[in-house]
Every structure is written in structure tokens, then in C-alpha cells.
Amino acid sequence: PSRLRTKKGHVRDSLMQMCSFLLRVAFAAWAFDATATALEPQSKDRCAKNSNVYLCHYDIECIWCRRQSGHGWCMNWTVHPKSGETCDPLVGCGGHRTRISCNGDVKCKWCAALTQGWPFCTNITDDTKGVASCDKVTHTHVEAVQNATKSSLVV
């Protein structure tokens, strides 16, 4: 019986050593993979992953471009199209891709859709009530508040 215990103990010790070794190998492989992935050049254009016009337009920083052949792709709005390429026009309020540029334009307001939270820039006179919350209020809203304040001051 004592000899049996010794063999069991030896087997158990061997198994523990093997498990410890395998765990170290697995961790080393994971660490190597994580380091290798971190060292790979990362795409600066997060828009490139969007495979169609609809996915592309979900991100305010992305525009859809196409060649005359019809082949299209998504790219960052700061990239300039090459000859023969046509991209979403960046004109008017819809052309603003940042909150600062949108709100800096007196004709525009920066909004976030209430359903998904997607940001967009739209004309300041557009009615976004129930659809989006916006940084600027419309002139008619300001006038209504001013008129209500004046009315409450009159006794």
C-alpha cells in the first residue's frame, strides 16, 4: 500500500508539473499573439470596414465613394477622392462632419438621433422634435420663449 501511494503521488506530481508547463506554454503563446497583433499596422481609416453605403453612413466621419464602373467603398471624409472617383458631396449642413464645424455655421445645428444616437448636422430651421436632440434651438423656439417671458412680466 505504501508503494502504491508513492506511485500515485509520483503520478500526481508529474501531472501537476505537466499542467503547469502547459499553462506556461499557453500563456506564452497568448502573449506572443497579443504582442504581434499590437505591432501590426492598424488602419487609420475606421470607415474602410463598412462594406455598403448604409453601413458607411452610420458613421458621421465616413463618406461613400464610387468609381464610374459603379464599384463603391467607404472612406474617411478627410481623404480626397482621386481622379474618376465620386464621393458624397460635403456641402451645406450635411457636409459638416464635426460638431465644431457644424455649430460654427449659423445656418446649422449638431444633433443626435433619439433612436440610435447617431450624430448629424442639419439646417437650423429643420424640425427635429421627437427625432433628435440638438445643440442649438431654432429661432422660432427662441422667439416663443422670449414672447412667453414678456407675457409673464406684464401684470
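I will try to describe carefully the structure that is included in this document. These numbers come from a predicted model, not from an experiment. (Residues numbered from 1 in each chain as written. Predicted model: local features only at pLDDT ≥ 70, side-chain atom pairs only at ≥ 80, totals over all residues. Heavy atoms only, no water.)

## Digging into the state of the cysteines
Phase 1 of the analysis: Enumeration over the complete set of coordinates arrives at 6 disulfides.
Phase 2 of the analysis: Two residues share a disulfide in this structure: C102 and C121, whose sulfurs sit 2.1 Å from each other. One quick way to see it: the torsion about the S-S bond of C102 and C121 is about 85°, and its sign makes the bridge right-handed. In this pair, C102 is assigned in helix α3 (residues 99–104) and C121 in strand β5 (residues 119–123), connecting sequence segments 19 residues apart. For the pair C102 and C121, a shared accessibility class is recorded, and that class is buried. (Disulfide = S-S within 2.5 Å. Helix = DSSP H or I, 4+ residues; strand = E, 2+ residues; numbered from the N terminus. Buried < 20%, exposed > 50% of the residue type's maximum accessible area, 1.4 Å probe, protein only.)

## What to know about the sheet that holds β5
Phase 1 of the analysis: The sheet built from 3 strands is open, its strands ordered β5-β4-β6 with antiparallel pairing. The open sheet has two edge strands with one neighbour each: β5 and β6 (132–134). Direction aside, the axes of adjacent strands within the sheet are offset by 40° on average.
Phase 2 of the analysis: Here strand β4 (residues 108–113) pairs with β6 via 3 bridges, running antiparallel. (Pairing = 2+ DSSP bridges. Axes fitted to C-alpha atoms, helices over the stretch in contact; angles between N-to-C directions.)

## Regarding the environment of S101
Phase 1 of the analysis: Within the secondary structure, S101 is located in helix α3.
Phase 2 of the analysis: Judged by its relative accessible area of 30%, S101 falls in the partly exposed class.
Phase 3 of the analysis: Spatially, the C-alpha atom of S101 lies 9.3 Å from that of C121, the residues being 20 residues apart in sequence.
Phase 4 of the analysis: There is a polar contact of 2.9 Å between the side chain of S101 and the side chain of T98. (Polar contact = N/O pair within 3.5 Å; in protein donor to acceptor, adjacent residues only side chain to side chain.)

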